[in-house]
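Residue-level listing of the chains:
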Amino acid sequence: MSRTARRAAGPSFGVLVYLALAFALGVYFTFAAVQGDFGLFRRVEVSAKAQALKVDLARLEGQIAAMENLTRRMSDDFLDLDLLDQQARSILGLLRSDEIVLR
């Protein structure tokens, strides 16, 4: 049996190891691209969290605007007497002399 006949029978052991190593690396990098810290699933998770935080930010900005409005209405430059009366009733529990409280 000659050497050329043996090689023609199939790929050598080194080629099989090389192909197995290349396949294993391909599977590893594919898995890392999908499941890893910077993978597709993590990107979708971060995008969903960012969207939830944007909604939360909008809600908080609305609350801040409402508080700034109340603060401006109670300032020295602009005094809203109806708001002052409402705050005195709710926070301090004050009543006018002609009012009756039913509990």
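Asker: Lay out the overall build of the protein with the relevant residues and their values.
Answerer: A count of helices and strands for the protein gives four helices and zero strands. Secondary structure of the protein in N-to-C order comes out as α-α-α-α. Relative to a compact globule of 103 residues, whose C-alpha radius of gyration would be 13 Å, the protein shows 37 Å and is clearly more extended. Along the first, second and third principal axes, the C-alpha atoms of the protein reach 120 × 35 × 15 Å. Residue burial in the protein is summarised as follows: out of 103 residues, 4% are buried. A total accessible area of about 9,700 Å² is found for the protein, and carbon and sulfur atoms account for 64% of it.

Asker: Give me the pattern of salt bridges: which residues, what numbers.
Answerer: It is possible for side chains of opposite charge to pair when their charged atoms get near one another. For the structure on display, the rule yields five salt bridges. Between R89 and E99 there is a salt bridge, with the nearest N and O atoms lying 2.8 Å from each other. With a gap of 10 residues between them, R89 in helix α4 (residues 81-92) and E99 in the segment after α4 connect regions that are remote in the sequence. Since its relative accessible area comes to 27%, R89 is described here as partly exposed. What you see here is one network of salt bridges that share partners, running through D85, R89 and E99.

Asker: Give a description of the packing of aromatic side chains that names residues and reports values.
Answerer: This model, assessed by the stated rule, comprises one aromatic pair. Taking the centre distance of 5.3 Å and the plane angle of 65 degrees together, the rings of Y28 and F29 count as edge-to-face. You can call F29 exposed: its relative accessible area is 53%.

Asker: Mind laying out α4, listing which residues take part and the relevant values?
Answerer: End to end, α4 covers 15 Å across 12 residues, agreeing with the expected 16 Å (1.5 Å per residue, within 8%). Between the side-chain oxygen at the start of α4 and the backbone nitrogen of D82 there is a gap of 3.3 Å, and the oxygen is on D80. The first or second residue beyond α4 is G93, which carries a positive phi of 75 degrees.

Cut-offs applied
- Residues numbered from 1 in each chain as written.
- Predicted model: local features only at pLDDT ≥ 70, side-chain atom pairs only at ≥ 80, totals over all residues.
- Heavy atoms only, no water.
- Helix = DSSP H or I, 4+ residues; strand = E, 2+ residues; numbered from the N terminus.
- Rg over C-alpha atoms; globule rule 2.2 N^0.38 Å.
- Buried < 20%, exposed > 50% of the residue type's maximum accessible area, 1.4 Å probe, protein only.
- Areas by Shrake-Rupley, 256 points an atom, 1.4 Å probe, with all protein chains shown as cover.
- Salt bridge = Lys/Arg side-chain N within 4 Å of Asp/Glu carboxyl O.
- Phe/Tyr/Trp six-rings, centres within 6.5 Å; stacked < 30°, edge-to-face > 60°.
- Expected span 1.5 Å × (residues − 1).
- Polar contact = N/O pair within 3.5 Å; in protein donor to acceptor, adjacent residues only side chain to side chain.

Without other data, these values stay purely geometric and don't point to any function.
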